[in-house]
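# A look at the structure
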Amino acid sequence: MNSKPQSVTNDRTIRVKFWGVRGSYPTVDQASSKFGGNTSCVEVQVDRRRLIFDAGTGIIALGKELFNGVPSVPAAYIFLSHTHIDHVMGLCFFEPLLSPKARTFILGPGPTPGALTRSLHHLTHSDLFPVSLDELKGKKEIISLVGGETIRFGLPGHRPKIDAPGMGNGGERELKIATYKSSAHPLNGVMLYRVFYGNKSLVYATDIEEQDGGYPEVIEFARGADLLIHDAQYLQEEYFSRTKPRKGWGHSTIDLAIEVAKKAEVKRLALFHHEPTHSDKTMKMIESRAKQIFPSVMVAHEGMEIVLR
Ligand SMILES: [Zn+2]
Ligand SMILES: [Zn+2]
């Protein structure tokens, strides 16, 4: 058995791994098993830190892998896009939050300093879960963000530094995360994140319903990124369906995601937050359709890894 703490990459790369790619609710059927049924969770290993975007059911397997036979793990930094259930469903089963030896920072949208803590406490209300958030043994700190902040990192394992909007944004090549709060998701909007390290960057933009042609602010936020992970839940025919239109539900079509990627001139696009009723067969059709309009597109699947170097 390996007794060394789980190490985190310390070269100059950004390593991205998808642990959950499904939107709305998890799926367990054979027909969608290749692309995967877990809800949103993306791990980014960079500069000796483990950053985790969203705590959908995908985070459960990630937590177990971190603790696979090791006594302690380096701190994890979880960035929530918002607190809709598909993005926090795995949180109480994330191994580091259950172990007194681990430390987790949870950051996400909240209009006041205690707002995110209050939202997350709903998850463990006694009617829903037997243990309260405070009783979970792992050390944790919950930090509300309003959008526009720059997050910088000191020593690994320490609380990140949050520069208020308009304040300093750190050295040119150091690891930092920019935040942007969009109101284009019901009811309280969604936080978008951009990770910068060296001369590379990636954008995490899930649960956003782009307007026709994309929101200029979002396009600017993603400008020139090496990787854009973008909500692409619906097909055009679903979005504009006569019998059950999905317009206004808070998600983008594949075409809208591609339009934003093109206008922002990103190098690669990963379609994300897949509609749970889409089978592997539908996802393959989406991939080949999407590649005809934007060759550097990928349909994110569970286990997919991308290295930015
Ligand atoms: Zn969602
Ligand atoms: Zn949502």
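Residues numbered from 1 in each chain as written. Chains lettered and ligands numbered in written order. Predicted model: local features only at pLDDT ≥ 70, side-chain atom pairs only at ≥ 80, totals over all residues. Heavy atoms only, no water.

## As for the overall build of the protein
Here is the rule we go by: Only DSSP runs of H or I with at least four residues qualify as helices, and only runs of E with at least two residues qualify as strands; both kinds are numbered from the N terminus onward. Each radius of gyration is computed over the set of C-alpha atoms, and the globule rule expresses the reference value as 2.2 Å times the number of residues to the power 0.38. The cut-offs for exposure are 20% and 50% of the maximum accessible area for each residue type, with area from a 1.4 Å probe on protein chains only; residues under the lower value are buried, those over the upper are exposed, and the others partly exposed. We call two residues contacting when some pair of their heavy atoms lies within 4.5 Å. Per-residue and other accessible areas follow the Shrake-Rupley method at a 1.4 Å probe size, with only the shown protein chains counted as cover for residues. For the purpose of charge, His is not counted, nor are the chain termini; Lys and Arg are scored as positive and Asp and Glu as negative. Positions of charges follow a simple convention, taking NZ of Lys, CZ of Arg, CG of Asp or CD of Glu.
Assigned secondary structure in the protein consists of 8 helices and 15 strands. The C-alpha radius of gyration computed for the protein amounts to 18 Å, which stays within 12% of the reference 19 Å derived for 309 residues, consistent with globular compactness. Summarising its shape, the C-alpha atoms of the protein cover approximately 50 × 45 × 40 Å along the three principal directions. Counting all 309 residues of the protein, 56% fall into the buried class. Considering only residue pairs separated by 6 or more positions, the protein has 69% of its internal contacts joining residues 24 or more positions apart. Of the accessible surface of the protein, which amounts to about 13,500 Å², a share of 53% is contributed by carbon and sulfur atoms. Averaged over its 38 positive side-chain charges, the protein has a centre that lies 5 Å from the centre of its 34 negative ones.

## Observations concerning the coordination of the zinc ion (ligand 2)
Our working rule: Water is not among the atoms examined, so metal sites may look incomplete; donors are the N, O and S atoms within 2.8 Å of the metal, or within 3.2 Å for Na, K and Ca. Site shape is set this way: if four donors have all angles between 85 and 135 degrees, tetrahedral; if opposite donors are over 155 degrees apart and all others between 65 and 115, square planar for four donors and octahedral for six; otherwise irregular.
Taken together, His82 (NE2), His84 (ND1), His185 (NE2) and Asp207 (OD) make up the full set of protein donors to the zinc ion (ligand 2), lying 2.2 to 2.6 Å away. Of note is the zinc ion (ligand 2), whose 4 donor atoms meet at the metal with angles of 88 to 174° in an arrangement that counts as irregular. Each donor residue of the zinc ion (ligand 2) lies on one chain, and together they are spaced H-x1-H-x100-H-x21-D. The distance between the zinc ion (ligand 2) and the zinc ion (ligand 1) is 3.7 Å, with Asp207 acting as a donor to both metals.

## A short note on the packing of helix 7 (residues 254-263) against helix 8 (residues 280-293)
Spelled out, the test is: Convention adopted: a line fitted to C-alpha atoms gives each axis, helices being fitted over their contacting stretch, and angles between N-to-C directions are expressed from 0 to 180 degrees. Working rule for handedness: look at the near helix, and if it is turned counterclockwise from the far one by less than a right angle, call the crossing left-handed; if clockwise, right-handed. Think of it as three bins: nonpolar holds Ala, Val, Leu, Ile, Met, Phe, Trp, Tyr, Cys and Pro, charged holds Asp, Glu, Lys and Arg, and polar takes everything else, Gly as well.
In contact at an axis separation of 11 Å, helix 7 and helix 8 are set at 35° when each is read in the N-to-C sense. Where helix 7 crosses over helix 8, the handedness of that crossing is right-handed. Contacts between helix 7 and helix 8 involve Ile254, Asp255, Ile258 and Lys262 from the first element and Ile286, Ala290 and Ile293 from the second. The class makeup of the residues in the contact of helix 7 with helix 8 is 5 nonpolar, no polar and 2 charged.

## Quick notes on the pattern of salt bridges
Put simply, the rule is: Throughout this description, the term salt bridge denotes a Lys or Arg side-chain nitrogen within 4 Å of a carboxyl oxygen of Asp or Glu.
Evaluation of the coordinates by the stated rule reveals 13 salt bridges. A salt bridge links Asp47 to Arg48; the shortest N-O distance between them is 4.0 Å. We classify Asp47 as buried; its relative accessible area is 16%. Arg152 serves as the salt-bridge partner of Asp163, at 2.7 Å between the closest nitrogen and oxygen. Taken as a pair, Asp163 in strand 8 (residues 161-163) and Arg152 in strand 7 (residues 150-152) lie far apart in primary sequence, 11 residues in all. A single network of salt bridges, built from pairs that share partners, joins Asp47, Arg48 and Arg49.

So yeah, pure geometry; function would need other evidence.
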